[in-house]
Each structure stands twice: as structure tokens, then as C-alpha cells.
Amino acid sequence: MPDPVWLVRPRADGGWDYVSFQSQPGVEPTGLSTVEMREGSHLPPQMPLLKHRHQLDPAEAERRRQRLQREGGFRCSKPLF
């Protein structure tokens, strides 16, 4: 997965729902890398609202990204903030 990946979808109130994926360095003692998935919303000019944060293995993060794009109505975007 390229780093970082942002997915967004517009909301009826003019704001955006977002999901971002960012690789995290390996954690001792295993040294395995993880991907942090952040879910939230943003209605400018307010501060973004972080709703959920998950640590996933890279394969699971890719499956979730594909499902959000296929079933959740999200599309790739530049970072919102």
C-alpha cells in the first residue's frame, strides 16, 4: 500500500467523511510493520473529528481499503488537512 492513502466521500452537510491509512514502523520484538487506519469527518473550517483509530496488518488494511471504495462510496483523494 502506498503511503499515505486518503479516502473521502462527501456528506449532505457539505463536510467529508475520511479514512486515512499510514504505514507504521515495526514494533519490537516482532519487527512487523502495521498500518494505522484513521476514520473521521471534517466540516471546514472546524477541526477534523477523529472517530476511530485501528492498527492493522498490511493485508487487512488493503482489504478494508478495497471494501470502502467498492461498497462505502469512498474515493482516493489528496489529504484533507
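Provided above is the structure to which this section pertains.
Below is a short write-up of the structure. Bear in mind the structure is a predicted one, so any value in this text is a computation, not a measurement.

## What about the overall build of the protein?
Then, number 1: Scanning the protein for helices and strands turns up one helix and five strands.
Then, number 2: Listed N to C, the secondary structure of the protein is β-β-β-β-α-β in terms of helices and strands.
Then, number 3: In terms of principal-axis extent, the alpha carbons of the protein reach across some 45 × 25 × 20 Å.
Then, number 4: In the protein, the share of contacts with a sequence separation of at least 24, taken over all contacts with a separation of at least 6, comes to 43%.
Then, number 5: Accessible area of the protein: about 5,400 Å², with a carbon and sulfur share of 54%.

## Quick notes on the packing of aromatic side chains
Ring pairs (aromatic) are described by centroid distance and by the angle formed between their planes.
Then, number 1: Following the criterion strictly, the structure yields three aromatic pairs and no others.
Then, number 2: With a centroid separation of 5.2 Å and an interplanar angle of 90°, the aromatic rings of Trp6 and Phe81 are classed as edge-to-face. One end of the pair, Trp6, is in strand 1 (residues 5–10); the other, Phe81, is in the segment after strand 5 (75–77), with 75 residues separating them in the sequence.
Then, number 3: With 5.3 Å between their ring centres and 80° between their planes, Tyr18 and Phe81 make a pair best called edge-to-face. Here Phe81 lies in the segment after strand 5 and Tyr18 lies in strand 2 (residues 16–27), a separation of 63 residues in the sequence.

## Here we look at the nonpolar core
Then, number 1: With 10 residues, the main nonpolar core is built from Val5, Leu7, Val19, Phe21, Val35, Met37, Leu56, Ala61, Leu68 and Phe74.
Then, number 2: In this structure Leu7 touches Asp17, Tyr18, Val19, Phe21, Arg65, Leu68, Gln69, Phe74, Arg75 and Cys76, once residues within four positions along its chain are discounted.

## Considerations on the environment of Phe81
Then, number 1: Spatially, the C-alpha atom of Phe81 lies 26 Å from that of Ala59, the residues being 22 residues apart in sequence.
Then, number 2: Excluding residues within four positions of it along the chain, Phe81 makes contact with Trp6, Tyr18, His42 and Pro48.

## Some remarks on the pattern of salt bridges
Then, number 1: By the definition in use, this model includes nine salt bridges.
Then, number 2: The shortest N-O distance in the salt bridge between Glu36 and Arg53 comes to 3.1 Å. With Glu36 in strand 3 (residues 32–42) and Arg53 in strand 4 (residues 49–56), this residue pair connects regions lying 17 residues apart in the sequence.
Then, number 3: Residue class for Glu36 comes out buried when judged on its relative accessible area of 8%.
Then, number 4: Taking the shortest distance from any N to any O, the salt bridge between Glu62 and Arg65 comes out at 2.3 Å.

The rules behind each value
Residues numbered from 1 in each chain as written. Predicted model: local features only at pLDDT ≥ 70, side-chain atom pairs only at ≥ 80, totals over all residues. Heavy atoms only, no water. Helix = DSSP H or I, 4+ residues; strand = E, 2+ residues; numbered from the N terminus. Contact = heavy atoms within 4.5 Å. Areas by Shrake-Rupley, 256 points an atom, 1.4 Å probe, with all protein chains shown as cover. Phe/Tyr/Trp six-rings, centres within 6.5 Å; stacked < 30°, edge-to-face > 60°. Core = buried A, V, L, I, M, F, W, Y, C linked by side-chain atoms within 4.5 Å. Buried < 20%, exposed > 50% of the residue type's maximum accessible area, 1.4 Å probe, protein only. Salt bridge = Lys/Arg side-chain N within 4 Å of Asp/Glu carboxyl O.

By themselves these figures say nothing about function.
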